[in-house]
Amino acid sequence: GAAWVEAAAAERVFTPSNALVGLRLKLRCTPGDGAQRYGPPREVESSGPVEAGPGACTFDSRHLYTKKVCGESSIRAVSYNILADTYAQTEFSRTVLYPYCAPYALELDYRQNLLKKELAGYSADLICLQEVDKSVFVDSLAPALDAFGLEGLFKIKEKQHEGLATFYRRDKFSLLSQHDIAFSEALLSDPLHKELCDKLAKYPLVQEKVLQRSSVLQVSVLQSTTDPSRKICVANTHLYWHPKGGNIRLIQITVALSHIKHVAWDLYPSIPIIFCGDFNSTPSSGTYSFINSGGIAEDHEDWVSNGEEERCNMPLSHPFKLLSACGEPAYTNYVGGFHGCLDYIFIDKNALEVEQVIPLPSHEEVTTHQALPSVSHPSDHIALICDLKWK
């Protein structure tokens, strides 16, 4: 029965001060138009009281570089594995993977709010996310990013309840077409991959493993709203995770690049590509070397990544000239038992160049609470952000 006090807010986003912790919020909205005609006001109350936030976050200093949307001829791209709730909320995660993380900071609501704050502050044109729970996409991210002018697309992994999401800025791009695939399905049914499929058939153990995986690839063709001659192919993926799965990742990335080539060379001749994702591959891996150099030898050590009985030697190649736009950071994934660079934004060297890379959080920021995730960082990965421009 206490009285409501009006809190003035000048910005689109209202951030409650510490003085409001413990109080409820009410939003009153009066619809109106340019002709000064107004409808009845509507009100909505917060379901719970304002809780104390994390204080300084790992992304606060990054937001200083991304206050504004970048210019017309530039594209700000973000790639980020946001840690699916499916994996964050298990007993194993709480006790073995992230024992250093306060239990409340692993809760979905807490991480969601942090994540929306982080993504909104990047003023991005393209956002490629991995490990996105379907409910998180529908109920949380899509509506939140929609309010900031971003349109979202979702591709689920059939066996899991998580998948990939690609967001693009509506006033910069329009969607021409989507070409999403599941690797195992494409490998079996698309004539594009027949040669690879035949080679793989000689190695039944590896073939079976590849076909069991539910990994997917999201491919969207976008067109510039200001210059319709400019089209771009945006690909997003999350490759198989197992440390000994180098051979499986090589097969997956070959399928991905063949499919992207079909879209960006055959369907839309010579459009540039941006290929984001969690590749679960460090810069010393066969997969990274293959993407970077355009080929892999049949005697590469990654063909025996899981021992002799799963050896599957085959020379492979792809025709793209790709560059890791954010280079090779010391790590993009930092958990208690492991840290390494697994995430990349690959760009077409012939058509795009890097204008700036938004610095990653400092090592001190990442390790303030030992490792990730933490009360000040919503995922075990770190977002990669760069500004690209057309050549």
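Details of the structure are given in the entry above.
Source: prediction; values computed, not measured.

Asker: Help me out: how do you make sense of the sheet that holds strand β18 (residues 352–357) in this one?
Answerer: Backbone-to-backbone hydrogen bonds pair the strands of a sheet. The strands run either parallel or antiparallel. The strand order β5-β6-β4-β3-β19-β18 describes an open sheet built from 6 strands, whose pairing is mixed. Looking at strand neighbours, the two that pair on one side only are β5 (150–156) and β18, the edges of this open sheet. Averaged over neighbouring strand pairs, the angle between their axes works out to 25 degrees when direction is ignored. Here strand β4 (residues 126–133) runs beside strand β6 (residues 162–169); their pairing, made up of 6 bridges, is antiparallel. Residue Cys128 lies in a different strand from β6, and its bridge partner there is Thr166.

Asker: Looking at this model, I keep getting lost on the nonpolar core. Mind explaining?
Answerer: Within soluble globular proteins, side chains that are nonpolar generally end up buried alongside one another. Grouped together as the largest cluster of nonpolar side chains are 44 residues, with contacts concentrated most on Leu217, Ile253, Ile260 and Phe275. Considering each element in turn, this core owes the most residues, 10 residues, to helix α10 (residues 246–267). Apart from the residues lying within four places of it in its own chain, the contact partners of Ile260 are Leu217, Val219, Cys233, Ala235, Trp265, Ile273, Phe275 and Phe320. Leu106, Tyr331, Val335 and Ile358 belong to the second-largest nonpolar core, a separate cluster that totals 40 residues.

Asker: I'm lost on the side chain of Asp302 in this one. Help?
Answerer: Its location among the elements puts Asp302 in the loop between β12 (295–296) and β13 (316–317). If near-sequence neighbours (up to four positions away) are discounted, Asp302 is found in contact with Gly246, Asn247, Leu250, Ser285, Gly286 and Thr287.

Asker: What exactly am I supposed to notice about the packing of aromatic side chains here?
Answerer: Here the distance between the centres and the angle between the planes together describe a pair of aromatic rings. Under the criterion given, the structure shown has 13 aromatic pairs. With 5.3 Å between their ring centres and 85 degrees between their planes, Tyr104 and Tyr110 make a pair best called edge-to-face. An angle of 45 degrees between the planes, with centres 6.0 Å apart, marks the rings of Tyr288 and Phe346 as tilted. Here Tyr288 is found in helix α11 (residues 286–293), whereas its partner Phe346 is found in strand β17 (residues 343–348), with 58 residues between them in sequence.

Rules used in this analysis
- Residues numbered from 1 in each chain as written.
- Predicted model: local features only at pLDDT ≥ 70, side-chain atom pairs only at ≥ 80, totals over all residues.
- Heavy atoms only, no water.
- Pairing = 2+ DSSP bridges.
- Helix = DSSP H or I, 4+ residues; strand = E, 2+ residues; numbered from the N terminus.
- Axes fitted to C-alpha atoms, helices over the stretch in contact; angles between N-to-C directions.
- Core = buried A, V, L, I, M, F, W, Y, C linked by side-chain atoms within 4.5 Å.
- Buried < 20%, exposed > 50% of the residue type's maximum accessible area, 1.4 Å probe, protein only.
- Contact = heavy atoms within 4.5 Å.
- Phe/Tyr/Trp six-rings, centres within 6.5 Å; stacked < 30°, edge-to-face > 60°.

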